[in-house]
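Structural features, examined
Okay, here's what each chain looks like letter by letter:
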Amino acid sequence: MKLAELPPLSLYVHIPWCLRKCPYCDFNSHEKRGELDEGRYVDALVADLEASLPDVWGRRLHTLFIGGGTPSLFAPASIERLVTAVRTRMKVDPDTEITMEANPGTFEAERFRGYREAGVNRLSVGVQSFDDAKLAAIGRVHGADEARRALGAALEIFPTVNADLMYALPGQRIEEAVKDVETAIGAGVPHVSAYHLTLEPDTHFARFPPELPGEDESADMQEAIEATLAGAGFGHYETSAFAREGHRARHNLNYWTFGDYLGIGAGAHGKISFRDRIVRTERERKPQTYLGRALEARAEASRREIAEPDLAFEFMLNALRLVEGFPSTLFPGRTGLPITAIEGPLAKAESLGLILRDHARIAPTRKGGRFLNDLLELFLPASTPRRAAIPISISPPGTSRPS
């Protein structure tokens, strides 16, 4: 493979602590016990970033995402120090999108103002639901009133706000899922992420599964959610993402278009392109181990080059989540492979009604979006076991589990 030019570069920063581990969560997150040594963790992040710079010398940073865990457990001063460290070590445009995740359970208006002053210009609020009973059923530490207050304050302070919602929750009916979406719309948020609750391996819910809506009812919920958001003027641009004009998440779009991202922090994953190869990286997962090793400039736990037979699948795993599809030129531009390398799977997908394509663009059909696993399976290398190898997750890449 040979890349004519390198893709846009993002930075993902993982803060692994939260107030309480949610029973559905398989992220690298850990319950906060006692006071957090924020200063030492920021020291480790800065050391990790500095050790990573040789991989991206001279490249401009397009977006920064601070995720978790619950980053809003950290004080604004810690976030400001982190953002300043990034700006002084990398080429960062003044209008770079800087996103941070926040939990309504840690909401304080003054705290939000501090994050904005630190440089954060996009807040993603983990609402999940506006129904107290549903929030309790999925183990959230906040209530519906806290979620409403947090969104209200965020909308007054930040230029762009995302409300994270989940559907197909225990005991949830279609009208309840739609009401959650209508409440978010009514609050005035310009971006909504609506994720289907899934039972991930090695979680409490996987060991003790709650009673969830069936597949047909969940599919009906998804259709009703999409229709509600479309009726309110939200564009559906990615499997789980909806935005008003000008409010799409640039950071996540870089993931879906197979862009590059440094991943720093405990358990963070990264993807970095060079002219002749693309590598994936992973940091040490355990926070205490990460702290020690990052301060010694050896936080990276693994690095692997993506094998050429896997490149097409990894590209499609991301790009086919885009509702509008992608330009045909993006595939060779981001993988270094000719589009003819996937002609067979493309022809098969087209014959099954899963994609539409012409000389300029490839896009999933509505059927392809509904049966995304089946569509992606067509692009798996012949030697890879089917179905179980397709990790359709509720989160974008770069978070603390493999992408």
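Presented here is a report on the structure given in the accompanying data block. (Residues numbered from 1 in each chain as written. Predicted model: local features only at pLDDT ≥ 70, side-chain atom pairs only at ≥ 80, totals over all residues. Heavy atoms only, no water.)

Now for the overall build of the protein. Helix and strand content of the protein: 15 helices and 17 strands. Over its C-alpha atoms, taken along the principal directions, the protein stretches across nearly 55 × 50 × 40 Å. Per-residue burial over the protein gives 56% buried out of 403 residues. Side chains of the protein carry 48 positive and 55 negative charges; the gap between the two charge centres is 4 Å. (Helix = DSSP H or I, 4+ residues; strand = E, 2+ residues; numbered from the N terminus. Buried < 20%, exposed > 50% of the residue type's maximum accessible area, 1.4 Å probe, protein only. Lys, Arg positive; Asp, Glu negative; His and termini not counted. Charge placed at Lys NZ, Arg CZ, Asp CG, Glu CD.)

Pairing within the open sheet is antiparallel, and its three strands lie in the order E15-E17-E16. Bordering the open sheet on either side are strand E15 (326-327) and strand E16 (355-357), each of which pairs with just one other strand. Summarising the sheet, E16 and strand E17 (residues 361-364) pair through three bridges and their orientation is antiparallel. Bridge pairing in E17 places arginine 357 opposite isoleucine 362. Relative to E16, helix H13 (residues 343-351) is tilted by about 115°, and along the sheet it contacts E16 and E17. (Pairing = 2+ DSSP bridges. Contact = heavy atoms within 4.5 Å. Axes fitted to C-alpha atoms, helices over the stretch in contact; angles between N-to-C directions.)

Before going further, it helps to spend a moment on the state of the cysteines. All told, the structure shown has zero disulfides when counted by the stated rule. With no disulfide of its own, cysteine 22 lies closest to cysteine 25 among cysteine sulfurs, the gap being 6.3 Å. In this structure cysteine 25 comes out as buried when scored by relative accessible area, which is 14%. (Disulfide = S-S within 2.5 Å.)

The full count for this structure, using the stated rule, is 27 salt bridges. Glutamate 300 is the partner of arginine 303 in a salt bridge, and the nearest nitrogen-oxygen pair spans 2.9 Å. Accessibility expressed as a relative area gives 32% for glutamate 300, which makes it partly exposed. Measuring nitrogen to oxygen at the nearest pair gives 3.0 Å for the salt bridge that ties arginine 357 to glutamate 343. Residue arginine 357 is located in strand E16, and its partner glutamate 343 is located in helix H13; the two are separated by 14 residues in the primary sequence. On the basis of relative accessibility, which here comes to 37%, the residue glutamate 343 falls in the partly exposed class. (Salt bridge = Lys/Arg side-chain N within 4 Å of Asp/Glu carboxyl O.)

For strand E11 (residues 260-265), the tally of buried residues reaches six of six residues, placing the bulk of the element in the interior. Burial of E11 is two-sided: the residues Asp260, Leu262 and Ile264 facing one way and the residues Tyr261, Gly263 and Gly265 facing the other way are all buried. The pairing of strand E1 (residues 9-15) with E11 spans six bridges and is parallel. The residue of E11 that forms the bridge with leucine 9 is aspartate 260.

Attention now moves to the packing of helix H6 (residues 174-187) against helix H8 (residues 215-231). Running from amino to carboxyl end, H6 crosses H8 at an angle of 25°, the nearest separation of the two axes being 9 Å. Classified by the angle their axes make, H6 and H8 are roughly parallel. When the axes of H6 and H8 are compared, the crossing they make is right-handed. Residues Ile174, Ala177, Val178, Val181, Glu182 and Ile185 of H6 touch H8, and the partners they reach there are Glu217, Asp220, Met221, Ala224, Ile225, Thr228 and Leu229. A per-class count over the contact of H6 with H8 returns nine nonpolar, one polar and three charged. (Parallel < 35°, antiparallel > 145°, perpendicular 65-115°, else oblique. Left-handed = near helix turned anticlockwise from the far one by under 90°. Nonpolar A, V, L, I, M, F, W, Y, C, P; charged D, E, K, R; others polar.)

What follows concerns a negative patch on the surface. Negative charge collects at one region of the surface, where Glu215, Asp216, Glu217 and Asp220 lie side by side. The class of glutamate 215 is exposed, set by a relative accessible area of 73%. (Patch = residues over 30% accessible without salt bridge, like charges linked within 9 Å, V, L, I, M, F, W, Y side chains within 5 Å. Areas by Shrake-Rupley, 256 points an atom, 1.4 Å probe, with all protein chains shown as cover.)

Here glutamine 222 is to be found in helix H8. On the basis of relative accessible area, glutamine 222 is assigned to the buried category, the value being 18%. For glutamine 222, the contacting residues outside a window of four places in its chain are Tyr167 and Arg370.

Moving on: the packing of aromatic side chains. Applying the stated criterion across every chain yields a total of 11 aromatic pairs. Judged by centre distance (6.2 Å) and plane angle (20°), the ring pair of tryptophan 17 and phenylalanine 74 falls under stacked. Here the residue tryptophan 17 occupies a position in strand E2 (residues 17-18), and phenylalanine 74 occupies one in the loop between strand E4 (60-68) and helix H2 (76-89), the gap between them amounting to 57 residues. Its relative accessible area of 1% is what places phenylalanine 74 among the buried residues. Measuring from centroid to centroid gives 5.2 Å for phenylalanine 315 and phenylalanine 331, while their planes differ by 90°, and the two rings are edge-to-face. Note that phenylalanine 315 is positioned in helix H11 (residues 308-319) and phenylalanine 331 in helix H12 (residues 330-335), a separation of 16 residues in sequence. Residues phenylalanine 315 and phenylalanine 331 agree in their burial class; the two are buried. Positioned above the aromatic ring of phenylalanine 274 is the side chain of arginine 277, whose terminal nitrogen or guanidinium carbon lies 4.1 Å from the ring centre. Above the ring of tryptophan 256, the side-chain terminus of arginine 321 is found at 4.8 Å from the ring centroid. (Phe/Tyr/Trp six-rings, centres within 6.5 Å; stacked < 30°, edge-to-face > 60°. Lys NZ or Arg CZ within 6 Å of the ring centre and 35° of its normal.)

Here we take up the nonpolar core. Within soluble globular proteins, side chains that are nonpolar tend to cluster in buried spots. Ranked by size, the top nonpolar core spans 71 residues in total, and within it Leu11, Tyr41, Ile66, Ile79, Met90, Phe112 and Phe158 carry the most contacts. Ignoring any residue separated from it by four or fewer positions in sequence, one finds methionine 90 in contact with Leu9, Leu49, Leu53, Val56, Leu61 and Leu262. Counting residues in each nonpolar core, the second largest holds 26 residues, with Ile306, Phe315, Leu320 and Phe326 among its members. (Core = buried A, V, L, I, M, F, W, Y, C linked by side-chain atoms within 4.5 Å.)

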